[in-house]
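The residues making up each chain are set out below.
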Amino acid sequence: MLNSWTVHATMANGWVGGAVGFQPPEAWMPALPARLSFVVDHIVRKLLARQSSAALRSAVCRKVGLRPDYLVRSIRDLGSWRLGSILSSVLDTPLHMTR
Amino acid sequence: MTNTREAVLGTCECEGLAHSRRAFLKTVGTVAGSTVLATAFGDVFRQVAFGAITDNANVLVVLSLRGGADGLSLVVPHGDPAYVGARPHIALSPSELIGNDWMFGLHPALAPLLPKWRDGSFGAVHAVGTPQPNRSHFAAMEAIEDADPGSSLRCGWVNRMIGVIGTDEPVEGAQIGTSTVPTSLFGPAPSLSLNRLSSLKLISSSDPIRQQYHRQSLHRVWDGAAGPLGQGARAALTTSLTLAPLTQDRPPHNGAVYPYGDVGTAMAETARLIRAQVGTRVVTVDAGGWDMHTSLGTSTSGAMRNKVNELATGLAAFFADLGPWADRVTVVTISEFGRRVTENGSQGLDHGYGNCMLLLGAGVIGGRVHTRWPGLGGKKLVDGDLAVTVDIRSVLAEVLKARFPEADLSAVFPSFTPEWVGAVRSTP
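About the thresholds
Residues numbered from 1 in each chain as written. Chains lettered and ligands numbered in written order. Predicted model: local features only at pLDDT ≥ 70, side-chain atom pairs only at ≥ 80, totals over all residues. Helix = DSSP H or I, 4+ residues; strand = E, 2+ residues; numbered from the N terminus. Buried ≥ 20, exposed ≤ 12 C-beta atoms within 10 Å, placed from the backbone. Contact = placed C-beta atoms within 7 Å. Pairing = 2+ DSSP bridges. Nonpolar A, V, L, I, M, F, W, Y, C, P; charged D, E, K, R; others polar. Core = buried A, V, L, I, M, F, W, Y, C linked by C-beta atoms within 7 Å. Axes fitted to C-alpha atoms, helices over the stretch in contact; angles between N-to-C directions. Parallel < 35°, antiparallel > 145°, perpendicular 65-115°, else oblique. Left-handed = near helix turned anticlockwise from the far one by under 90°. Expected span 1.5 Å × (residues − 1).

Caption draft 1: Here's a closer look at the overall build of chain B. Along its length, chain B carries 15 helices and eleven strands. By the burial criterion, 52% of the 428 residues in chain B qualify as buried. Within chain B, contacts between residues separated by at least 24 positions form 73% of all contacts whose residues are at least 6 apart in sequence.

Caption draft 2: Quick look at the pairing of strand β1 (residues 59-65) of chain B. Residues and elements named next belong to chain B. Of all seven residues in β1, seven are buried; the element is thus mostly enclosed. Covered by surrounding structure in β1 are V59, V61, L63 and L65 together with L60, V62 and S64, the residues of both alternating faces. Summarising the sheet, β1 and strand β8 (residues 329-334) pair through six bridges and their orientation is parallel. Residue pairing for β8: V61 is matched across the bridge by V331. Sheet analysis places β1 next to strand β7 (residues 282-287), joined by six bridges and oriented parallel. Looking across to β7, one finds that L60 is bridged to V282.

Caption draft 3: Local environment of the interface of chain B and chain A. Listed per partner, the contact involves 26 residues of chain B and 25 residues of chain A. Secondary structure elements with two or more residues in the side of chain B that touches chain A: α1 (5-9), α10 (208-222) and α11 (227-242) of chain B. No other element matches α10 of chain B, which puts nine residues into the side of chain B that touches chain A. Within the side of chain B that touches chain A, the residues separate by chemical class into 15 nonpolar, nine polar and two charged.

Caption draft 4: The nonpolar core, seen in detail. V125, M267, L315, M357, L359 and V395 of chain B are the most contacted members of the largest nonpolar core, which totals 91 residues. Here this core takes ten residues from helix α13 (residues 303-322) of chain B, the largest share from any one element. Excluding its chain neighbours within four sequence positions, the residues that come into contact with V395 of chain B are V125, V128, M357, V390, V421 and A423 of chain B. M1, V39 and L87 of chain A together with W222 of chain B belong to the second-largest nonpolar core, a separate cluster that totals 31 residues.

Caption draft 5: Geometry of the environment of P405 of chain B. As for its position among the elements, P405 of chain B is in the loop between α14 (392-403) and α15 (409-412). With ten residues separating them in the primary sequence, P405 of chain B and S415 of chain B have C-alpha atoms 19 Å apart.

Caption draft 6: Here's a closer look at the packing of α10 of chain B against α11 of chain B. Residue and element names in this part refer to chain B. Across the interface, α10 lies against α11 with an axial gap of 10 Å and an inter-helix angle of 160°. One element, α10, and the other, α11, form an angle in the roughly antiparallel class. Handedness of the crossing formed by α10 with α11: left-handed. Residues R215, L218, H219 and W222 of α10 form the contact with α11, whose own contacting residues are G230, A233, R234 and L237. The class makeup of the residues in the contact of α10 with α11 is four nonpolar, two polar and two charged.

Caption draft 7: Region of interest: unusual backbone geometry. Residues and elements named next belong to chain A. P33 follows L32 through a cis peptide bond whose omega is 5°. Tracing the sequence through the fold places P33 in the loop between α1 (2-12) and β1 (34-35). At A49, a position not held by glycine, the phi torsion is positive, near 55°. A tally of 8 C-beta atoms within 10 Å means that A49 is categorised as exposed.

Caption draft 8: Representation of the pairing of β7 of chain B within the structure. For β7 of chain B, a buried count of six out of six residues is recorded, marking the element as mostly surrounded by other parts of the structure. Residue alternation in β7 of chain B divides its side chains into two sets, V282, T284 and D286 of chain B and V283, V285 and A287 of chain B, and both sets are buried.

Caption draft 9: Spotlight on the environment of M357 of chain B. All names here are of chain B. Within the fold, M357 resides in strand β9 (residues 355-361). With 28 C-beta atoms packed within 10 Å, M357 lands in the buried category. Measuring from C-alpha to C-alpha, the distance between M357 and V308 comes to 13 Å, with 49 residues separating the pair along the chain. Non-local contacts of M357, meaning those with residues more than four positions away in its chain, are made with A124, V125, V128, V332, T333, I334 and V395.

Caption draft 10: Molecular detail of α14 of chain B. All names here are of chain B. Counted at 1.5 Å a residue, the expected span for α14 with its twelve residues is 16 Å, and the 17 Å between its end C-alpha atoms agrees. Across the twelve residues that make up α14, a large majority, nine, are buried. Burial in α14 covers these residues: I392, R393, V395, L396, A397, E398, V399, L400 and R403.

Keep in mind these numbers describe shape, not what the thing actually does.
Below, the structure written as structure tokens:
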């Protein structure tokens, strides 16, 4: 499990070299402004093709230290690290690891 | 809608700092909703955070010499008249051996362990193996690690032992050297397999508050998750916290110097794990490279000399590093099979049958070879191999009976009645 979570963090944060390509951060985002819980649900749908539960959204928001009703006006509001953290957090959940 | 300070930091911005480690662990344990986990967290708190409670539990280290180590080179039957003739190029003469009696002597590269042989804490059992010959590395290793012939259950003897004596804390059964779980650890009791202790951590920010948020986030999604994956996630969270102090490399104690390489690394990590007193009861260590079909070598050079030297210096350093903890640690070596009695055309040895086991540390009746020696003469061999007169389970059962009296041997080795070997005594 620890190794899986490490892989998720490595991939989601782009800590890989070589020819691996990543889409621009903006491509993960819904139309802004939006609440963080909505952003998380949007990312869950893009990554897992599933809708998220309130518990999952709560957990992901906890990971990045923000409340679900935090208003994301632009991607800059997430700082330099939170998008990668959201992506890895979604991948760390049972919704992804048991699908 | 505004982003207040509370919204940014959560309802309790210093949640991770205001709680003591004890309170945090209790909180996590409660969230987990499991008596087993809560108990384990309690152990974690006592042993790691405060260290006030001494854990006097005995520890078994199973060192697996993968590839089929040649027992006739490790513990040499120089007194058997057929020995030299079977190995004209690779036989060791009595004058090269150490710790000799009239029949056996140790490979000279075991010299770092000679003091332990002489003080009686290092012994050997010879002509030991599985009930039936099996020259396949994988099938033979699985038979030894499963130790329940005929059973279709995928459950190894170490896991069955943990199931009998354990509390479901994965640190109780640990495999070091590879992150692949060996057959002996397969089964319902949780276990831990890792390359290095330093890899056993949750990759996270260096910021302690963000680390707390990360853990809390994972607990929120995994504490209620059912099935083996949920158990594994909770165990990973528990264990990574338990062993957090061990994830930073520290020098060995008592001036111990480990050999460079995997064996030295694994033994050093094992010593740290035991010294940390996190509840470890059984550690299995894989040490490959014993499959020597060609150029086995002599007493002073070659593959066998190098592997034996690595093994001996690693074990000597391990016991020195353990210091006072050595009094409750027993090391047992196993290997899937021995090698052929007769050397092949490449001055190596092909897969055989009977082998030897080395026993070191607490409870061992050492300084001698325990065996019902079958002999190396033609009619005494099994298809050209050393016969097995001692079932490996008898040796393991004797170790468990002496060092883990709470273990139900009939559960660890089902449908097996151990024979007396006389290699281990019960000690406090």
